[in-house]
Amino acid sequence: MKILVPVKRVIDYNVKPRVKPDGSGVDIANVKMSMNPFDEIAVEEAVRLKEAGKAEEVVAVSIGVPKAKDVLRTALAMGADRAILIQTEAEVEPLAVAKILKEVVAQEEPGLVILGKQAIDDDSNQTGQMLAALLDRPQGTFASKIELDDDSVTVIREVDDGLETVKLSLPAIVTADLRLNEPRYASLPNIMKAKKKPMDEKTPEDYGVDISPRLKTLKVAEPPLRQAGEKVGSVDELVAKLKALGVNA
Amino acid sequence: MTVLVLVEHEAGTVKESSLSTITAAAKIGAVHALVAGDSDEARQAADAAAKIAGVEKVLLATDPAYAKMLAENIAPLVTGLMGGYDAFLVSATSSGKNIAPRVAAKLDVMQISDIVAVEGEKTFARPIYAGNAIATVESSDSKLVITVRGTAFDKAALEGGSASIEDISGTGDAGLSSFVGLEASESERPDLTSAKIVVSGGRALKDADTFEQVITPLADKLGAAVGASRAAVDAGYISNDYQVGQTGKIVAPELYIAVGISGAIQHLAGMKDSKTIVAINKDEDAPIFQIADIGLVADLFDAVPELTGKL
Ligand SMILES: Cc1cc2nc3c(=O)[nH]c(=O)nc-3n(C[C@H](O)[C@H](O)[C@H](O)COP(=O)(O)OP(=O)(O)OC[C@H]3O[C@@H](n4cnc5c(N)ncnc54)[C@H](O)[C@@H]3O)c2cc1C
Ligand SMILES: Cc1cc2nc3c(=O)[nH]c(=O)nc-3n(C[C@H](O)[C@H](O)[C@H](O)COP(=O)(O)OP(=O)(O)OC[C@H]3O[C@@H](n4cnc5c(N)ncnc54)[C@H](O)[C@@H]3O)c2cc1C
């Protein structure tokens, strides 16, 4: 089967985001951008399924600015076979991303779509579930383990109470959580090879999807700042402070 | 505006996170509560929901297909009802996050995730970038689909309401998915997301046994819930449902004690709204000290047992 992996270019997780002084958003000019960490996990899982003989082809897709090619190249260097860039300068909301992905799924007919559970910029945690809804397919969100069979996939999910196991009919949508795997680093030879792998370029219009936003951001502000307090010199002082706060044990 | 709230319940009682969601919903409009589940437990939960202050009506859908809150089965139940509602709200729990986008996509609505304030009929505040920015967004959709951050809203009172309960039916099993099992952490401790005190351990705790020997006695002494950093969970010291942070649980207790945790932004995202933060770390430059109210620079293997002994 074929596996489709949507990947998003986001601010690198090591960068501390700064709100623009005019309150219009977060400043991403000149900051390091990378593949969303959850999407690296999704790519890794797809590539491992291919290496295990359970999938034939891994296709990575990204919706975004021309620079999103960089994260697609990373996916190719990790082992994806080909890539599709759906180019737009607009900020695309999860609903519109899901609508575009639905059309990509119609063309590519993957047995499995593996997304990240959330993108670390907007933290929406929606796209995979929306795609599943639009396709009327089952969803295994927050996956920490995937077992693929011929006509079903068993997914262990990280939920608030622990680990939940569900069985989904195929084709299905899965979203990756942190502990699904540890993504590999692409080796230099693979990075070189990736440059020769095919990358299609499209636009949202090619898929006939209206991406106009439904939400308007009125302002983006810094959260209330927490001041550093004081350091105490000993456990006795700490105990006294805690007692003063009314902690009694 | 009339708002439909999907109530999460357990053993016949309404979960605390849903009480916060009801408070948020009441700021938008009249609140109707949807209780879905299997048989008796769901009916008990519906009785409990009918008594909650601010709930005007309870809709009860009982079906074995609704017992495990599978999104494939619950989302059609909700969308089927949305003709009569202006907004759908659910807590930003793992279950709410699983279901809401499925409802939103079916209604062709852009969901607003994890709101922390209601600023107008269609205007809401929500944290982005691991809580490093708060965005105020306005929806242009005709209906709203929203998930609610529990720590940002007070809990609705369990008494004071006298709503009617209406039995409804939905489409039941969508035939796409089935529940196989749940491996739940057994714990007598207070629930992490609603505890007044949380003691969290990080990578410095070395292994599962050490974590248990150092963190647990202090938590027991304080009647606290136990939490952990991602590094501690990844290393197998404790299970995933204890992770605090951007991608784990969001907590805001009266007192948060971070032991051997460096204070990465992804961890801070889950606990920086705690009232008082105490940090114990041997590195005086650890970022956690920049937000801690009380810091102790010490080796945790000396300090924590001493603290436990002296409290
Ligand atoms: C700098 C910046 C500024 C923004 N400003 C605004 C604003 O002013 N107003 C506003 O409404 N929104 C704004 N956004 C949000 C943006 O338009 C999208 O709504 C948001 O990034 C998508 O949500 P998410 O990525 O958190 O989705 P999630 O649902 O969290 O993403 C989950 C998964 O879906 C897949 N996915 C998501 N997006 C893509 C994609 N583009 N291509 C391929 N796969 C994808 C990935 O696998 C990802 O892991 C901004 C985003 C950024 C980065
Ligand atoms: C996409 C993504 C999502 C993430 N989500 C989360 C999340 O939800 N939650 C989360 O916590 N992290 C998350 N992380 C990980 C985060 O970036 C950090 O790696 C993690 O929080 C570090 O955990 P830690 O503080 O326990 O370990 P470390 O950073 O290794 O810190 C250990 C600390 O212990 C101190 N120490 C060591 N020995 C002792 C001793 N004997 N006595 C006292 N102090 C000692 C050290 O000085 C150090 O400060 C995420 C990362 C990514 C990329």
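Since the structure is predicted, the reported quantities are computational estimates derived from the model, not experimental observations.

### Some remarks on the UniProt feature "domain: Electron transfer flavoprotein alpha/beta-subunit N-terminal" (unreviewed entry) in chain A
In this numbering, the UniProt entry assigns the feature "domain: Electron transfer flavoprotein alpha/beta-subunit N-terminal" (unreviewed entry) to residues 23-211 of chain A. Structurally, residues 23-211 of chain A is divided into 30% helix and 30% strand, and its ends, taken at the C-alpha atoms, are 24 Å apart.

### Re the site of ligand 1
Lining the immediate environment of ligand 1, one finds 28 residues, of which A:Lys8, A:Asp39, A:Ile63, A:Thr127 and A:Thr217 sit closest. Mapping the residues near ligand 1 onto chains gives chains A and B. Between ligand 1 and A:Gly116 there is a distance of 3.2 Å, counted from an oxygen atom to a backbone nitrogen or oxygen. One of the backbone nitrogen or oxygen atoms of A:Gln126 is found 2.8 Å away from an oxygen atom of ligand 1. Among the secondary structure elements, those contributing two or more residues to the shell around ligand 1 are β4 (57-64), α3 (94-108), β6 (112-116) and β12 (215-221) of chain A. A total of three residues in the shell around ligand 1 trace back to one element, the largest contributor, which is β4(A). Split into classes, the residues belonging to the shell around ligand 1 amount to twelve nonpolar, nine polar and seven charged.

### Brief notes about the pairing of strand β10 (residues 172-176) of chain A
Residues and elements named next belong to chain A. With five of its five residues buried, β10 lies for the most part within the structure. Side chains of β10 alternate between two faces, with Ala 172, Val 174 and Ala 176 and Ile 173 and Thr 175 buried alike. Bridge analysis of β6 against β10 gives five bridges, and the strand direction is parallel. Bridged to Val 113 within β10 is Ile 173.

### A short note on the sheet that holds strand β8 (residues 152-159) of chain A
Strand order in the open sheet formed by ten strands is β11(A)-β5(A)-β4(A)-β1(A)-β6(A)-β10(A)-β7(A)-β8(A)-β9(A)-β13(B), and the pairing between neighbours is mixed. Among the strands making up the open sheet, the edge pair consists of β11 (199-202) of chain A together with β13 (177-184) of chain B. On average, each strand axis in the sheet is tilted by 30 degrees relative to the strand beside it, whichever way the strands run. The sheet contact formed by strand β1 (residues 2-6) of chain A and β4(A) spans five bridges and is parallel. Residue A:Ile3 lies in a different strand from β4(A), and its bridge partner there is A:Val58.

### Quick look at the interface of chain B and chain A
Taken together, the contact between chain B and chain A spans 84 residues of the former and 78 residues of the latter. Taking both partners together, chain B and chain A bury about 6,900 Å²; carbon and sulfur atoms supply 55% of that area. Between chain B and chain A we count seven salt bridges in total. One salt bridge in this structure joins A:Lys99 and B:Asp108, with 2.7 Å as the shortest N-O distance. Linking chain B with chain A are 44 residue pairs in polar contact (both at pLDDT 80 or more). Residues belonging to the side of chain B that touches chain A are distributed by class as follows: 36 nonpolar, 25 polar and 23 charged. Pairing geometry for strand β9 (residues 162-169) of chain A and β13(B), over seven bridges, is antiparallel. Paired with A:Val166 across the two strands is B:Phe179, which belongs to β13(B).

### Some points on the pattern of salt bridges
Enumeration over the complete set of coordinates arrives at 28 salt bridges over all chains. Put simply, A:Arg179 and B:Asp234 hold a salt bridge, and the shortest N to O gap is 2.8 Å. Within this pair, whereas A:Arg179 is found in the loop between β10 and α5 (188-194), its partner B:Asp234 is found in helix α6 (residues 230-234), the two belonging to separate chains. The exposure class assigned to A:Arg179 is partly exposed, which follows from its relative accessible area of 22%. Judged by relative accessible area, B:Asp234 falls into the partly exposed class, the value being 38%. A salt bridge links A:Glu230 to A:Lys241; its shortest N-O distance comes to 2.7 Å. A residue pair is termed long-range when its members are at least 10 positions apart, and A:Glu230 in strand β13 (residues 230-232) and A:Lys241 in helix α6 (residues 235-244) qualify at eleven residues. Judged by relative accessible area, which is 41%, A:Glu230 ranks as partly exposed. Residue A:Lys241 is classed as partly exposed on the basis of its relative accessible area of 28%. The network of salt bridges with common partners includes A:Lys2, A:Glu57, A:Arg82 and A:Glu108.

### Side note on the site of ligand 2
Contacts to ligand 2 come from 29 residues, most closely from B:Arg203, B:Ser229, B:Thr247, B:Ser262 and B:Asn281. Neighbouring residues of ligand 2 are distributed over chains A and B. Contacts to ligand 2 include B:Gln243, whose side-chain N or O atom sits 2.8 Å from an oxygen atom. Take B:Lys282: an N or O atom from its main chain is 3.1 Å from a nitrogen atom of ligand 2. Protein burial of ligand 2: of its 990 Å² of free accessible surface, 86% is covered by the chains. When residues of the shell around ligand 2 are traced back to their parent elements, those giving at least two are α1 (37-51) of chain A together with α6, α7 (265-268) and α8 (300-310) of chain B. For the shell around ligand 2, the residue count by class is twelve nonpolar, twelve polar and five charged.

Basis of the calculations
Residues numbered from 1 in each chain as written. Chains lettered and ligands numbered in written order. Predicted model: local features only at pLDDT ≥ 70, side-chain atom pairs only at ≥ 80, totals over all residues. Heavy atoms only, no water. UniProt positions renumbered as here; feature names shortened; annotations may be inferred. Helix = DSSP H or I, 4+ residues; strand = E, 2+ residues; numbered from the N terminus. Near = heavy atom within 4 Å. Polar contact = N/O pair within 3.5 Å; in protein donor to acceptor, adjacent residues only side chain to side chain. Nonpolar A, V, L, I, M, F, W, Y, C, P; charged D, E, K, R; others polar. Buried < 20%, exposed > 50% of the residue type's maximum accessible area, 1.4 Å probe, protein only. Pairing = 2+ DSSP bridges. Axes fitted to C-alpha atoms, helices over the stretch in contact; angles between N-to-C directions. Contact = heavy atoms within 4.5 Å. Buried area = accessible area lost by both parts, 1.4 Å probe. Salt bridge = Lys/Arg side-chain N within 4 Å of Asp/Glu carboxyl O. Areas by Shrake-Rupley, 256 points an atom, 1.4 Å probe, with all protein chains shown as cover.

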